[in-house]
Amino acid sequence: MEQEKTLVLIKPDGVQRGLIGEIIGRFERKGLKLVGLKLLQLPCHKAEELYFPHQGKAFYSYLIQFMTSTPIVAIALQGRNAIELVRLLNGATDPAESEPGSIRGDFSIDVTHNIVHASDSPKNAQRELEVLFDSSELFEYQRIEEPILHRLTT
Ligand code: IDP
Ligand code: MG
């Protein structure tokens, strides 16, 4: 599986509940590489860009209001099959259905206040990363355990 990059956001509820370290730790321990990281208050126009596929839905305006209410953490992650893997670690959108062991399954109880966001496709990952990060804010480096995380094919 090829290396992919994806966007994760720790939503206002995750930041306010002191879960930043816990959530980043889960991605790090899995073997995903942090290639971008910042705390910011999401401006309204960026929230609208991020969630434009949901425009017109009943929950849209509350979602924008919630996402712009207090700071969030934006995380760019890189790794093999990262897009699908991160969504698996996050768990199902509705915490009533997310598995225990996933972030949403372990820490949330409400479908809007569901702690994390993650991109759902390569196209959306690229688009969403561009909304949150300048290219100068994304980095390349080696994690020291890369050779033992992956079966190396030569
Ligand atoms: P995802 O975050 O798992 O990709 P999406 O369907 O893309 O889920 O929805 C984006 C966000 O909108 C969700 O994470 C959640 O915060 C909110 N949301 C989705 N569906 C509902 C709903 O039925 N009621 C209220 N909020 C919702
Ligand atoms: Mg989504």
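Use the structure listed above.
Residues numbered from 1 in each chain as written. Chains lettered and ligands numbered in written order. Predicted model: local features only at pLDDT ≥ 70, side-chain atom pairs only at ≥ 80, totals over all residues. Heavy atoms only, no water.

Draft legend 1. Local environment of the site of ligand 1. In the vicinity of ligand 1, the contacting residues are Lys11, Tyr51, His54, Phe59, Leu63, Arg87, Thr93, Arg104, Val111, Thr112 and Asn114. In the environment of ligand 1, an oxygen atom lies 2.9 Å from a nitrogen or oxygen atom belonging to the side chain of Lys11. At 2.5 Å, a side-chain N or O of Thr93 approaches an oxygen atom of ligand 1. Its free accessible area being 530 Å², ligand 1 has 76% of it covered by the protein chains. Put simply, ligand 1 lies in the largest pocket. When its residues are assigned to classes, the shell around ligand 1 shows 4 nonpolar, 4 polar and 3 charged. (Near = heavy atom within 4 Å. Polar contact = N/O pair within 3.5 Å; in protein donor to acceptor, adjacent residues only side chain to side chain. Areas by Shrake-Rupley, 256 points an atom, 1.4 Å probe, with all protein chains shown as cover. 1 Å grid on protein atoms, 1.4 Å probe; cavity = no way out; pocket = protein on both sides within 12 Å on 5 of 7 lines; lining within 4 Å. Sits in = over half its atoms within 2 Å of the grid points. Nonpolar A, V, L, I, M, F, W, Y, C, P; charged D, E, K, R; others polar.)

Draft legend 2. How the structure looks around the packing of aromatic side chains. As enumerated under the stated definition, the model contains 1 aromatic pair in all. Their ring planes at 0° and their centres at 6.4 Å tell us that Tyr62 and Phe66 sit as a pair that is stacked. Of the two residues, Tyr62 and Phe66 are both situated in helix 4 (residues 60-67); the distance of 4 residues between them amounts to about one turn of the helix. Take Tyr62: its relative accessible area is 39%, and that puts it in the partly exposed class. On the basis of relative accessible area, Phe66 is assigned to the buried category, the value being 7%. For the cation-ring pair, Lys33 lies above Tyr141, with the distance from its terminal atom to the ring centre recorded as 5.4 Å. (Phe/Tyr/Trp six-rings, centres within 6.5 Å; stacked < 30°, edge-to-face > 60°. Helix = DSSP H or I, 4+ residues; strand = E, 2+ residues; numbered from the N terminus. Buried < 20%, exposed > 50% of the residue type's maximum accessible area, 1.4 Å probe, protein only. Lys NZ or Arg CZ within 6 Å of the ring centre and 35° of its normal.)

Draft legend 3. Focus on the pattern of salt bridges. Considering all chains together, one arrives at 6 salt bridges under this definition. Note that Lys33 and Glu146 form a salt bridge whose closest N and O atoms lie 3.0 Å from each other. In this pair, Lys33 is assigned in strand 2 (residues 33-40) and Glu146 in helix 8 (residues 146-149), connecting sequence segments 113 residues apart. Comparing Lys33 with Glu146, the two get one shared label, buried. A salt bridge links Arg143 to Glu145; the shortest N-O distance between them is 2.5 Å. On the accessibility criterion, Arg143 (15% relative accessible area) is buried. (Salt bridge = Lys/Arg side-chain N within 4 Å of Asp/Glu carboxyl O.)

Draft legend 4. Representation of the sheet that holds strand 3 (residues 72-80) within the structure. Pairing is antiparallel across the open sheet formed by 4 strands, whose spatial order is 2-3-1-4. The open sheet has two edge strands, strand 2 and strand 4 (116-118), and neither has a second partner. Averaged over all neighbouring strand pairs, the angle between strand axes comes to 20°, with direction disregarded. The pairing of strand 1 (residues 3-10) with strand 3 spans 8 bridges and is classified as antiparallel. Pairing of Val8 across the sheet is with Ile75, part of strand 3. In the packing of helix 7 (residues 122-132) onto the sheet, the strands contacted are strand 1, strand 2, strand 3 and strand 4, and the crossing angle to strand 1 comes to about 55°. (Pairing = 2+ DSSP bridges. Axes fitted to C-alpha atoms, helices over the stretch in contact; angles between N-to-C directions. Contact = heavy atoms within 4.5 Å.)

Draft legend 5. Focus on the pairing of strand 3. In terms of burial, strand 3 is a largely internal element, 8 of the 9 residues being buried. Two strands pair when backbone bridges link them, and strand 2 and strand 3 are joined in this way by 7 bridges, in the antiparallel orientation. The residue bridging Gly36 from the neighbouring strand is Ala76, located in strand 3.

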